[in-house]
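Given next are the chains, with one letter for each unit.
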Amino acid sequence: MSSFASISPDKLSRLIGTPNAPVLIDVRTDEDFSADPRLLPGAIRRDALTAAQWSSEFAGRSVIVICQRGAKLSHGAAAWLRVAKASAENLEGGFEAWKAAGLPLVPMSKLPPRDDHGRTVWVTRARPKIDRIACPWLIRRFVDPQAVFLYVAPSEVIAVSERFGAAPFDVENTFWSHRGELCTFDVMIEEFSLTTPALQRLATIVRAADTARLDLSPEAPGLLAASLGLSRIYDDDLAQLEAGLGLYDAFYRWCRDATTESHNWPTSKVKP
């Protein structure tokens, strides 16, 4: 039975990937982290013993604290967060319980370097359609909620990447790009070890829409139509991204929770 200040791995896994997911703070010791340098999806690292200094950053927010086994470090850091007016809980059983449950863990080595504000920075071609909205959605929801995305002229992506320390994506001859029949969204799911059934189902829809293979998924034409519609509504790429996040939130929740649900107009019974 969960206490008032803890959350189970199963319950937390249902919150991750949703727009209102809590902030996840990994406070494992450097020794424990070095032994397994992976993070819960979207988690950030902090030193538990300096929680009194950084806890005020999260005032008014919902926070889950993760240590190795859900003991003193996460309980203490969560208590300091509550003093700072955050709604803080610790993860029951900590990192070890999450790992034992076979839930997703993102390799730290796959994340680009963070900027001075602790954010990953990404760059791609302007005027996005499918992959260049889908990938930022995946990153924001499962990798780095504070990630920044730069949309620039196609000819300038690599130069901007080099000058501004941004990771290029959905650009030919870069790491985060199409590979064979896989689109960039597929590649990110694999590289970030996010191969859950729901995300793999979504990846098929994205790949079908992005690579003009609409026969791969009956939902793909709908995603393509909605994506092209958004690109006509918004001249500002960042405004389009914000609108597109909601679109992918809806597709993700369908993939996770509603694939067996149908809607039929009730037929009226005809009296003989």
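What you see as residue numbers is a count from 1 along each chain, following the sequence as written. The predicted nature of this model means local features are confined to residues of pLDDT at least 70 and side-chain atom pairs, given and counted, to a pLDDT of 80 or more, with totals for whole chains, interfaces and linings taken over all residues. Computation of side-chain values covers all heavy atoms of the structure but excludes hydrogens and water.

Caption draft 1: Just the environment of phenylalanine 33, in detail. Along the chain, phenylalanine 33 falls in helix 2 (residues 30-35). Classification of phenylalanine 33 by relative accessible area gives buried; the value is 12%. When the C-alpha atoms of phenylalanine 33 and leucine 216 are compared, they prove to be 40 Å apart, with 183 residues separating the residues in sequence. Contact criterion: two residues are considered in contact whenever any of their non-hydrogen atoms come within 4.5 Å of each other. In this view, phenylalanine 33 contacts Arg28, Arg38, Leu39, Arg45 and Met108; residues no more than four positions away in its chain are not counted. Segments assigned H or I by DSSP are reported as helices when at least four residues long, segments assigned E as strands when at least two residues long, and all are numbered from the N terminus. Accessible area is worked out with a 1.4 Å probe on protein chains only. A residue is then buried under 20% of its type maximum, exposed over 50%, and partly exposed in between.

Caption draft 2: Geometry of the sheet that holds strand 6 (residues 87-91). Strand order across the open sheet formed by five strands is 1-6-5-2-4, with parallel pairing between neighbours. The two strands at the open ends of the sheet, each matched to only one other strand, are strand 1 (6-7) and strand 4 (44-45). The pairing criterion is simple: DSSP has to find at least two bridges between the two strands. Bridge count between strand 2 (residues 23-26) and strand 4: two bridges; the pairing is parallel. Across the sheet, isoleucine 25 pairs through a bridge with isoleucine 44, a residue of strand 4.

Caption draft 3: A look at the sheet that holds strand 9 (residues 148-152). If you walk across this open sheet you meet the three strands as 9-8-10, and the pairing is parallel. Edge positions in the open sheet fall to strand 9 and strand 10 (167-168), since each of these has one partner strand only. Bridging between strand 8 (residues 121-125) and strand 9 involves five bridges; their strand directions are parallel. Counterpart to tryptophan 122 in the pairing with strand 9 is phenylalanine 149. Note on method: axes are straight lines fitted to C-alpha atoms, helices fitted across the in-contact stretch only, with angles between N-to-C directions ranging 0 to 180 degrees. Helix 7 (residues 157-164) rests against strand 8, strand 9 and strand 10 of the sheet, and its axis sits at about 165 degrees to strand 8.

Caption draft 4: Local environment of the packing of aromatic side chains. Any pair of Phe, Tyr and Trp rings, taking the six-membered ring for Trp, is counted once the centres come within 6.5 Å. Such a pair is stacked with planes under 30 degrees apart, edge-to-face with planes over 60 apart, and tilted for the rest. The full count for this structure, using the stated rule, is 10 aromatic pairs. Look at tryptophan 54 and phenylalanine 58: their rings are 6.1 Å apart centre to centre, the planes differ by 85 degrees, and that puts the pair in the edge-to-face class. An identical accessibility class is assigned to tryptophan 54 and phenylalanine 58; each is buried. Centroid distance tryptophan 122 to phenylalanine 169: 6.2 Å. Interplanar angle 80 degrees. Geometry classified as edge-to-face. With tryptophan 122 in strand 8 and phenylalanine 169 in the loop between strand 10 and helix 8 (184-191), this pair connects stretches of sequence that are 47 residues apart. Assigned by exposure class, tryptophan 122 and phenylalanine 169 land together as buried. One aromatic cluster is present, built from ring pairs that chain together Trp122, Phe149, Phe169, Phe175, Trp176 and Phe192. If you follow arginine 28 out to its NZ or CZ, it ends over the ring of phenylalanine 95, 3.7 Å from the centre. Of note, arginine 45 hangs over the ring of phenylalanine 33, and the distance from its end group to the ring centre comes to 4.1 Å. Should the NZ of a Lys or the CZ of an Arg lie within 6 Å of a ring centre and within 35 degrees of the ring normal, that charge is described as sitting over the ring.

Caption draft 5: Fine view of empty space enclosed by the protein. Throughout, the protein atoms alone are placed on a 1 Å grid, and a set of points is a cavity if a 1.4 Å probe fits but cannot get out or a pocket if it is open with protein on both sides within 12 Å along at least five of seven lines; lining residues have an atom within 4 Å of a point. Grid points are joined across faces, edges and corners, and a volume is the space filled by probe spheres set on the points. Across all of its chains, the model carries one cavity of 30 Å³ or more by this definition. Of the pockets and cavities examined, the largest cavity occupies roughly 30 Å³. Surrounding the largest cavity, Leu39, Leu40, Gly42, Ala43, Val106, Leu111 and Val143 form its lining. Here the term charged refers only to Asp, Glu, Lys and Arg, the term nonpolar to Ala, Val, Leu, Ile, Met, Phe, Trp, Tyr, Cys and Pro, and the term polar to all other amino acids, Gly among them. For the lining of the largest cavity, the class distribution of residues is six nonpolar, one polar and no charged.

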